[in-house]
Amino acid sequence: MEILDSVQMASADKYTIEKIGIPSTVLMENAASGIAEIIKNLDVKKDKIAVFAGSGNNGGDGITLARKCYNAGYKIDLYLTSPPEKLKGDPLLNYNILQYYPVRIFNAFEDKLLEDYDIIVDSIFGTGLTRPVEGKYKSLIKKLNELPGFKIAIDMPSGLAGNTNAVIGECFRADVTVTMCRAKIPHKIYPAKKFCGKVEVVDISIPDFAVASVKPYIYEITENNIEKLNKRESDSHKGKFGHAVIIGGSAGKTGAALMASKSCAKAGAGLTTTVIPSALNLAAELGNPEVMSFPAGSGDYFRENDAKDVTEFINDKTVAAIGPGMGRNDKTIEFIKQIIAATNLPLVIDADGLYGLDQNDFEKLRFRSIITPHIGEFARIVNKTNEEVINNKLELVREFSTNYGIVTVLKSADTIIGIPDGTIFVLNTGTPALAKGGSGDCLTGLITSFVSQNCTFKNSAVYGVWILGKTAEHLTNIYNERTILVSDLIDNLWIEINELYRNN
Ligand SMILES: NC(=O)C1=CN([C@@H]2O[C@H](COP(=O)(O)OP(=O)(O)OC[C@H]3O[C@@H](n4cnc5c(N)ncnc54)[C@H](OP(=O)(O)O)[C@@H]3O)[C@@H](O)[C@H]2O)[C@H](O)CC1
Ligand SMILES: [K+]
């Protein structure tokens with residue numbers, strides 16, 4: 001499903017009203033009906049509802065909702081943030097209609113709250129907000145957040161801007177946010193997402209082609225749109241699913257290379273080889289009997305002198321991952337740079353593999369690579385602070401992927417995948433069980449496995465993130481998020497892989 005920003009939403013809105021001819025009043029009526037339906041289905045007490053409405057169309061949605069809630073039998077009070085004479089257009093029309101209804105109307109700043117409301121509805125600002133709230137609006141939002149009732153935001157929690165995932169100032173903290181037509185950026189991407197609670201999307205008659213007309217470029221991957229995995233032909237043999245290589249390990253971190261390799265084999269690569277510093281080879285041989293190993297050099301970490309042998313070994317393979325547990329020794333960094341320069345193989349680069357890379361190295365990875373940094377690693381790559389990456393992740397990932405022609409998987413609770421044509425995919429799968437060393441190694445192994453099996457880079461990245469996240473969800477439901485180890489995740493990858501086969 002597309003995720004829009006506020007400008008795209010306003011354009012789709014305009015297209016629907018002006019080109020197709022669906023009146024804006026109808027859209028507002030539909031929005032209010034949709035929100036009322038969601039309120040009806042909420043499993044919370046809802047005898048007394050207060051709607052706080054601003055002067056724009058978001059306020060108009062709230063004013064119209066007041067009428068729908070009255071019709072549904074709830075006791076409803078409306079608190080306006082502006083004098084009624086300041087209302088225009090659809091909000092004014094709906095305010096005038098509401099005069100015929102026995103709904104009490106107050107001034108949000110001057111009048112005291114009359115009741116302890118079961119539900120507080122925020123329709124102060126929606127997509128029209130572009131700057132932080134200040135003064136009396138800020139105080140009002142703070143006050144609403146302190147009220148005990150269940151909190152519903154219309155379209156967006158007031159205070160969030162619709163074109164960024166950054167939290168730009170004080171904002172309403174919703175239990176449920178009901179948005180129209182499509183989710184917007186702050187609904188799906190942290191840190192703004194934290195303020196939205198559960199996000200419900202209502203159809204207000206804006207057709208798909210109106211949405212397509214605004215050229216969306218951000219998509220959320222869900223059960224409904226993830227591509228299913230193909231069943232294997234009955235005469236398949238291992239040669240069909242590639243030979244994947246995991247280059248990793250150093251003294252004290254051998255397990256990272258082993259976990260990545262095991263995940264890779266488990267997800268279906270035809271052959272998997274761990275390339276490992278020779279002093280650690282026995283661990284690889286004994287640790288993963290289903291995986292082969294290639295001992296490199298003579299020590300317990302990679303050095304530039306090992307690059308020639310390793311390059312020769314990997315050159316006829318299908319894909320190589322570089323990084324898991326390699327450490328950050330200068331000689332290892334030089335080894336990685338030489339491998340990048342000396343091969344044309346598809347590469348998946350993670351963790352320590354990314355540490356010493358510069359613009360020159362990234363140039364050499366064009367159209368053949370996937371990188372899988374976490375926030376801190378990506379901040380180093382793009383020369384920003386962690387904070388700047390968190391607040392601008394869409395723009396930064398998009399810029400990096402299009403500039404260098406590299407698929408970027410920015411790992412966090414909401415993983416962002418950028419592909420070279422400028423499209424962004426957002427995956428909100430996973431649980432805090434993944435906040436543990438080794439999850440990233442498992443992801444690297446999964447992505448490498450799917451590249452080996454001839455999936456596109458985009459699909460390989462999507463499958464890796466999706467399967468790891470969903471596996472964590474399945475296990476968190478059975479065990480708990482603290483006690484799940486990466487080896488548990490690897491053992492249970494089959495559950496979600498089964499799901500991806502279904503109906504295919
Ligand atoms: N397709 C749809 O999604 C539909 C959405 N609808 C609803 O309409 C809103 C967007 O309505 P809009 O009128 O464009 O904007 P808002 O209601 O969000 O806010 C506009 C007013 O707010 C003032 N404003 C903005 N920021 C601040 C601030 N920081 N402090 C104080 N006041 C602020 C703004 O004033 P300006 O001075 O900036 O002009 C406006 O007065 C959308 O979210 C949906 O809820 C429709 O129902 C139809 C379809
Ligand atoms: K709102």
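Quick caveat, the model's predicted, so the values are computed rather than measured.

Here's the deal with the overall build of the protein
When helices and strands are counted, the protein shows 20 helices and 19 strands. Buried residues in the protein amount to 55% of all 504 residues. Element-wise, carbon and sulfur atoms account for 48% of the exposed surface of the protein, whose accessible area totals about 21,300 Å². Measuring between centres, the 54 positive side-chain charges of the protein sit 2 Å from its 60 negative side-chain charges.

Describing the nonpolar core
Core analysis: the biggest nonpolar cluster contains 44 residues, and Ile247, Ile314, Phe335, Phe362, Phe378 and Phe400 have the highest contact counts within it. Elements represented by at least two residues in this core include exactly strand E11 (243-247), helix H10 (307-314), strand E14 (319-322), helix H11 (330-342), strand E15 (347-349), helix H14 (375-382), helix H16 (393-404) and strand E19 (424-427). Split by domain, this core shows at least three residues from each of two domains, domain 1 (2-216) and domain 2 (238-499). With near-sequence residues (within four places) excluded, phenylalanine 362 lies in contact with Leu354, Leu357, Ile381, Phe400, Tyr404 and Ile406. Among the nonpolar cores identified, the runner-up in size contains 42 residues, and Ala321, Trp466, Ile467 and Ile497 belong to it.

Section: the coordination of the potassium ion (ligand 2)
At the metal site, the potassium ion (ligand 2) is ligated by Asn58 (OD1), Asp122 (O), Phe125 (O), Ile154 (O) and Met156 (O), and these contacts range over 2.5 to 3.0 Å. Between consecutive donor residues of the potassium ion (ligand 2), the sequence gaps follow N-x63-D-x2-F-x28-I-x1-M. Remark: methionine 156 occurs in the loop between strand E6 (150-154) and strand E7 (176-180) and asparagine 58 occurs in helix H3 (residues 57-71); sequence separation between them is 98 residues.

Focus on the domain arrangement of the protein
Partitioning the protein into domains gives domain 1 (2-216) and domain 2 (238-499). Between domain 1 and domain 2, the contact holds 10 residues from the first and 10 residues from the second. Counting the surface lost from both domain 1 and domain 2, the interface buries some 730 Å², and carbon and sulfur atoms represent 60% of this. Viewed at the interface, domain 2 and domain 1 are joined by zero salt bridges. Between domain 1 and domain 2 we count three residue pairs in polar contact (both at pLDDT 80 or more) in total. Its residues assigned to classes, the side of domain 1 that touches domain 2 shows six nonpolar, two polar and two charged.

Thoughts on the sheet that holds strand E5 (residues 119-123)
Pairing is parallel in the open sheet, where seven strands are placed in the order E4-E3-E2-E5-E6-E7-E9. Unpaired on one side and paired on the other, strand E4 (104-107) and strand E9 (198-202) mark the two borders of the sheet. Sheet twist, expressed as the average angle between the axes of neighbouring strands with direction ignored, equals 20°. Relative to E7, E6 is paired through three bridges, and the arrangement is parallel. Considered in E7, the bridge of isoleucine 154 is made with valine 178.

The rules behind the values
For every chain, the first residue of the written sequence is number 1, and numbering continues from 1 onward in sequence order. Whichever chain is written first is A, and whichever ligand is written first is 1; the rest continue in order. Side-chain atom pairs in this predicted model are given and counted only at pLDDT of 80 or more, local residue features only at pLDDT of at least 70, and totals for whole chains, interfaces and linings cover all residues. Only hydrogens and water are set aside; all other atoms, that is, all heavy atoms of the structure, feed into the side-chain values. Helix and strand definitions follow DSSP, with helices as H or I runs of at least four residues and strands as E runs of at least two, each counted in order from the N terminus. Only protein chains enter the accessibility calculation, which uses a 1.4 Å probe; a residue whose area is less than 20% of its type maximum is buried, one above 50% is exposed, and one in between is partly exposed. Areas reported here follow the Shrake-Rupley algorithm with a probe of radius 1.4 Å; residue values treat only the protein chains shown as occluding. Under the counting rule used here, the positive set is Lys and Arg, the negative set is Asp and Glu, and His together with the chain ends is not counted. Each charge is placed at NZ for Lys, CZ for Arg, CG for Asp and CD for Glu. Each nonpolar core is a collection of buried residues, namely Ala, Val, Leu, Ile, Met, Phe, Trp, Tyr and Cys, held together in the definition by side-chain atoms within 4.5 Å. Here the limits of each domain have been adopted from an automatic or database domain assignment. By definition, residues are in contact when any of their heavy atoms lie within 4.5 Å. Metal donors: N, O and S atoms at distances within 2.8 Å, or within 3.2 Å for Na, K and Ca, with water omitted from the atom set so that some sites may seem incomplete. Summed over both partners, the accessible area (1.4 Å probe) lost when two parts come together is defined as the buried area. Each reported salt bridge corresponds to a side-chain nitrogen of Lys or Arg within 4 Å of a carboxyl oxygen of Asp or Glu. What qualifies as a polar contact is a pair of N or O atoms within 3.5 Å, subject to a donor-acceptor requirement within protein and to the restriction that residues adjacent in sequence count only when both atoms come from side chains. Throughout this entry, Asp, Glu, Lys and Arg are counted as charged residues, while Ala, Val, Leu, Ile, Met, Phe, Trp, Tyr, Cys and Pro are counted as nonpolar. The remaining residues, Gly among them, count as polar. Two strands form a pair only when DSSP identifies at least two bridges running between them. All axes are obtained by fitting lines to C-alpha atoms, using only the stretch in contact for helices, and the reported angles, taken between N-to-C directions, cover 0 to 180 degrees.

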